[in-house]
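Structure at a glance
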Amino acid sequence: MSSSRLPGKVMLPLLGKSLLARMVERLQMVKHDAIIIIATSVNVEDDIIEQEAALMDVPCYRGSINNLLERHYMAALRYEADLVLKIPSDCPLIDPRIVDEVIDFFLKHPGKYDYVSNLHPATWPDGNDVEIMTTPCLEKTWRLAERPLELEHTTPYIWENPLQFNIGNVSWGSGQDYSMSHRFTIDYKEDYDFIARVYEELYPEDPGFSCDDILNLLTKKPEIYELNELYAGVNWYRHHLDELNTISSHQTKNTGHK
């Protein structure tokens, strides 16, 4: 709830439910059998997140406000996970088909990878972030990571140390790269306007609308794309370029707006 750019964003309304509830709804469409856990902080302002989780009958783990690596690792221990999928809570348009595709890739190579994502390099529209790691991989990261950005963002230590981990990546089969041109995540009021409009247009006809459905909608109604076009390509990397070895300036964009 303490998001600096858009406070309370996960509880904003989308067609009568919270943004968080709509995102959980989409993750429940993933074909693989997985337990969804909402991992929030122990801060009092996040009591409402725990309450929302209870309304959805979804487990909730509460931990550090800043050390998300520890929060995710402790949640994995609590629920005895062998495999952990990290999905950011600001991706209410995430396509469950993409989640399944990344899981399929991981499972088709048993024992080969410690960590697989669709982010290094990213190709799908921003907001379809999927990261999978084994619990031993997460535990090792929890033991060794020290820098604030590694603790805050959970997985940088993994993908910044390819000699310590077997790392895989899944790219969009279309051969296209919309990671810098299309923004389906939420950090700003304009993002909310965009997401709310997409839901209004697509959800009533098909609650499980796909990434392709969104792209087709934007082709038909470019004014929707323009709602948050200013922030396309803006992500957290831009604050840490001097600390990250595997991320370059062409993978993020600065904006004059806060």
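Now for a look at the structure at hand. Note that the coordinates shown come from a computational prediction; the quantities given were computed from them, not determined experimentally. (Residues numbered from 1 in each chain as written. Predicted model: local features only at pLDDT ≥ 70, side-chain atom pairs only at ≥ 80, totals over all residues. Heavy atoms only, no water.)

This paragraph deals with the overall build of the chain. The number of helices and strands found in the chain is 10 helices and 8 strands. Computed over C-alpha atoms, the radius of gyration of the chain comes to 17 Å, within 12% of the 18 Å expected from 2.2 N^0.38 for 258 residues, which places it in the range of a compact globule. Across its three principal axes, the chain shows a C-alpha extent of roughly 45 × 40 × 40 Å. Taken over 258 residues, the chain has a buried fraction of 50%. Sequence-distant contacts in the chain: of pairs separated by 6 or more residues, those separated by 24 or more amount to 66%. Accessible surface computed for the chain: about 12500 Å², of which carbon and sulfur atoms make up 50%. Averaged over its 24 positive side-chain charges, the chain has a centre that lies 1 Å from the centre of its 41 negative ones. (Helix = DSSP H or I, 4+ residues; strand = E, 2+ residues; numbered from the N terminus. Rg over C-alpha atoms; globule rule 2.2 N^0.38 Å. Buried < 20%, exposed > 50% of the residue type's maximum accessible area, 1.4 Å probe, protein only. Contact = heavy atoms within 4.5 Å. Areas by Shrake-Rupley, 256 points an atom, 1.4 Å probe, with all protein chains shown as cover. Lys, Arg positive; Asp, Glu negative; His and termini not counted. Charge placed at Lys NZ, Arg CZ, Asp CG, Glu CD.)

Attention shifts here to the packing of aromatic side chains. The relation between two aromatic rings is expressed through the spacing of the ring centres and the mutual angle of the planes. In total, this model carries 9 aromatic pairs according to the counting rule given. Pairing Y157 with F165 gives two aromatic rings, centres 6.3 Å apart and planes at 85 degrees, and the pair type is edge-to-face. Look at Y157 and you get buried, because its relative accessible area is 11%. One aromatic cluster in this structure is built from W124, W172 and Y178. (Phe/Tyr/Trp six-rings, centres within 6.5 Å; stacked < 30°, edge-to-face > 60°.)

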